[in-house]
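Inside the fold
Each chain, letter by letter, is given below.
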Amino acid sequence: SHGLHQHRLDSVSLKAAVFTNFTNDHLDYHQTLEAYFDAKCRLFEEIMVHDTCAILNTDILEYEKLRKLCQRRSLKMITFGKAGETIRINSIVPHAGSQNVSLTIEGKNYDFTLPLVGEFQVYNAVAALGAVIACGESPVSAIAACEKLKGVPGRLEQAAKDVYVDY
């Protein structure tokens, strides 16, 4: 959002862009939620061109505004989430150190184990799947890559049995 607000991404050529979520982050910089949301929307309103794809989380409150913005600009869309049309999250079953994920992607069912903890990690992985699919990769190979993901140090990182570090 900082880079969008500061116009640092204006000359970047994108094939796809993802909107994962919207929380109270970065208010020290943007001051208000409205200014923060407007900054993030610049990606879809000004940066993306007509042959690019917006990957949108259907499970957030801002989804409908984003969908309308993308439709108005005639952007391609991939939707994901529990209410996703393109990629639907059917179930998330947490285990120690991993999660079993069941998805439906364009009508076909896929099950895999994500070696990360936290529901937000599933949403991030599924958002990335959407971006990879938007860029022409098959869901099968993208899901296979998800099963090999490694977590970011300090982000729900297991420090000991039943002990996780999260910055």
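Residues numbered from 1 in each chain as written. Predicted model: local features only at pLDDT ≥ 70, side-chain atom pairs only at ≥ 80, totals over all residues. Heavy atoms only, no water.

Here we take up the sheet that holds strand β1 (residues 16–19). One open sheet accounts for 6 strands, arranged β1-β2-β3-β4-β5-β6; its pairing is mixed. The open sheet has two free edges, formed respectively by β1 and β6 (108–114), since each of these has just one partner strand. Going from strand to strand, the sheet's axes swing by 20° on average, the running direction of each strand aside. Bridge analysis of strand β3 (residues 76–81) against strand β4 (residues 87–95) gives 2 bridges, and the strand direction is parallel. Within β4, the position partnered with F80 by the bridge is I87. Helix α4 (residues 63–72) contacts β1, β2 (53–57) and β3 of the sheet and is inclined by roughly 165° relative to β2. Where helix α6 (residues 139–146) meets the sheet, its contacts fall on β5 (98–105) and β6, and the angle it forms with β6 comes to roughly 15°. (Pairing = 2+ DSSP bridges. Helix = DSSP H or I, 4+ residues; strand = E, 2+ residues; numbered from the N terminus. Axes fitted to C-alpha atoms, helices over the stretch in contact; angles between N-to-C directions. Contact = heavy atoms within 4.5 Å.)

This next bit is on the environment of Q121. You can see Q121 is positioned in helix α5 (residues 119–134). The sequence separation of Q121 and Q99 amounts to 22 residues, and the corresponding C-alpha distance is 9.4 Å. Those residues in contact with Q121 that lie beyond four places of it in its chain are Q99, L114, L116 and R155.

All told, the structure shown has 5 aromatic pairs when counted by the stated rule. Ring geometry for F19 against F37: centres 6.1 Å apart, planes inclined by 65°, an arrangement best described as edge-to-face. Linking F19 in strand β1 with F37 in helix α3 (residues 33–47), this pair joins segments that are 18 residues apart in sequence. The class for F19 is buried, based on a relative accessible area of 2%. For F37, a relative accessible area of 11% translates into the label buried. (Phe/Tyr/Trp six-rings, centres within 6.5 Å; stacked < 30°, edge-to-face > 60°. Buried < 20%, exposed > 50% of the residue type's maximum accessible area, 1.4 Å probe, protein only.)

The topology assignment puts R73 in the loop between α4 and β3. What makes R73 buried here is its relative accessible area of 17%. Between the C-alpha atom of R73 and that of I92, which follows or precedes it by 19 residues, the distance is 33 Å. If we ignore the near neighbours within four places in the chain, the residues touching R73 are F44, E45, E46, M48, V49 and H50.

With that settled, consider the layout of surface pockets. Within this model, the largest pocket holds a volume of roughly 340 Å³. What lines the largest pocket is a set of 15 residues, among which F120, Q121, N124, A125 and R155 lie closest to the centre. For the lining of the largest pocket, the element with the most residues is α5, which contributes 5 residues. Taken as a whole, the second largest pocket encloses approximately 220 Å³ of empty space. Around the second largest pocket, the lining residues are S1, L4, V18, F19, T20, N21, D25, H26, Y36, K40 and L43. Put simply, the parts of the chain that give the lining of the second largest pocket at least two residues each are β1 and α3. (1 Å grid on protein atoms, 1.4 Å probe; cavity = no way out; pocket = protein on both sides within 12 Å on 5 of 7 lines; lining within 4 Å. Points joined across faces, edges and corners; volume = space filled by probe spheres on them.)

Function cannot be inferred from these measures alone, as they are strictly geometric.
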